[in-house]
Every structure is written in C-alpha cells, then in structure tokens.
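This is what each chain is made of:
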Amino acid sequence: MGSSNENIDNEVLAQLKQNNQIPLIETLDNLGCTHSDIVMLLVEYQVMSEQDDDEVFDQWYDALCDDKLKVLKAFEILRAQFERTVNE
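Here is a short report on the structure shown in this document.

Conventions we followed
- Residues numbered from 1 in each chain as written.
- Predicted model: local features only at pLDDT ≥ 70, side-chain atom pairs only at ≥ 80, totals over all residues.
- Heavy atoms only, no water.
- Helix = DSSP H or I, 4+ residues; strand = E, 2+ residues; numbered from the N terminus.
- Buried < 20%, exposed > 50% of the residue type's maximum accessible area, 1.4 Å probe, protein only.
- Contact = heavy atoms within 4.5 Å.
- Phe/Tyr/Trp six-rings, centres within 6.5 Å; stacked < 30°, edge-to-face > 60°.
- Salt bridge = Lys/Arg side-chain N within 4 Å of Asp/Glu carboxyl O.
- Core = buried A, V, L, I, M, F, W, Y, C linked by side-chain atoms within 4.5 Å.
- Patch = residues over 30% accessible without salt bridge, like charges linked within 9 Å, V, L, I, M, F, W, Y side chains within 5 Å.
- Areas by Shrake-Rupley, 256 points an atom, 1.4 Å probe, with all protein chains shown as cover.

**Thoughts on the overall build of the chain**
Inference 1: For the chain, the count of helices and strands is 5 helices and 0 strands.
Inference 2: When its helices and strands are written in sequence order, the chain yields α-α-α-α-α.
Inference 3: Burial analysis of the chain (88 residues in total) assigns 22% to the buried set.
Inference 4: For the chain, the share of sequence-separated contacts (at least 6 apart) that also reach a separation of at least 24 residues comes to 74%.

**Describing the packing of aromatic side chains**
Inference 1: The tally for this structure, following the rule as stated, stands at 5 aromatic pairs.
Inference 2: Ring centres of Y45 and F75 lie 6.2 Å apart, and the angle between their planes is 85°; this geometry places the pair in the edge-to-face category. A residue pair is termed long-range when its members are at least 10 positions apart, and Y45 in helix α3 (residues 35-49) and F75 in helix α5 (residues 66-86) qualify at 30 residues.
Inference 3: Taking the relative accessible area as the measure of exposure, F75 reaches 29% and is therefore partly exposed.
Inference 4: Among the aromatic side chains, those forming a connected cluster through ring pairs are Y45, F57, W60, Y61 and F75.

**Observations concerning the pattern of salt bridges**
Inference 1: If you walk through the whole model with that rule in mind, you get 1 salt bridge.
Inference 2: As a salt-bridge pair, R79 and E76 come within 2.9 Å of each other at their nearest N and O atoms. Taken together, the residues R79 and E76, both in helix α5 and 3 residues apart, mark about one turn of the helix.
Inference 3: For R79, a relative accessible area of 32% puts it in the partly exposed group.

**Section: the nonpolar core**
Inference 1: Listed in full, the 11 residues of the largest apolar core are L31, C33, L41, Y45, M48, F57, W60, L64, L69, V71 and L72.
Inference 2: Those elements that place two or more of their residues in this core are α3, α4 (54-62) and α5.
Inference 3: Residues in contact with L72, not counting those within four places in the same chain, are L41, L42, Y45, W60, Y61 and L64.

**Points about a nonpolar patch on the surface**
Inference 1: A cluster of nonpolar side chains, namely V39, V43 and V47, defines an oily patch on the protein surface of about 240 Å² accessible area.
Inference 2: Note that V39 resides in helix α3.

Now the structure itself:
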C-alpha cells in the first residue's frame, strides 16, 4: 500500500509542477532567503497559525519582509492547488 500512496503523491506533485504558471512562484528563486530561512518561516507560520490570538498572528505577519511574504503567498497558493487536486 505504501508504494501506491507514493505513486499518488508523485502524480499530484508532478501535476502541481506542470500546472504551475503563477508569476509569483517563478520569482521565488531570485529571493534573498536561504533554504533554512524558508523552513523556519514555514515552522513559524504553522505555530502562529495555531495561536488563539489573531492579533499575535497579525503582528507577526505584518513584520515579515517582502521576500518572506512572497514565500508564504506562494506556499498558500500551492497548498490550495494541492487540496483541490487531491479532492478531485
């Protein structure tokens, strides 16, 4: 069963890459973020998203630099596409 799930995951990822013509995504390679910056950003995003205090999240989000905002927006776009693809 693991192999079947892996094939499905690979097919979904391939479809997302193939269908991804979003200009925002194309600009990510030129950002000043390192891979570790992006990983930490996504961890912070997960933690902040689970906070009960929207004001704390808003303050954190508003303090992000433009590059990090682009990464988060691209992540949300791809996550929405993933969820739509999986649910089809």
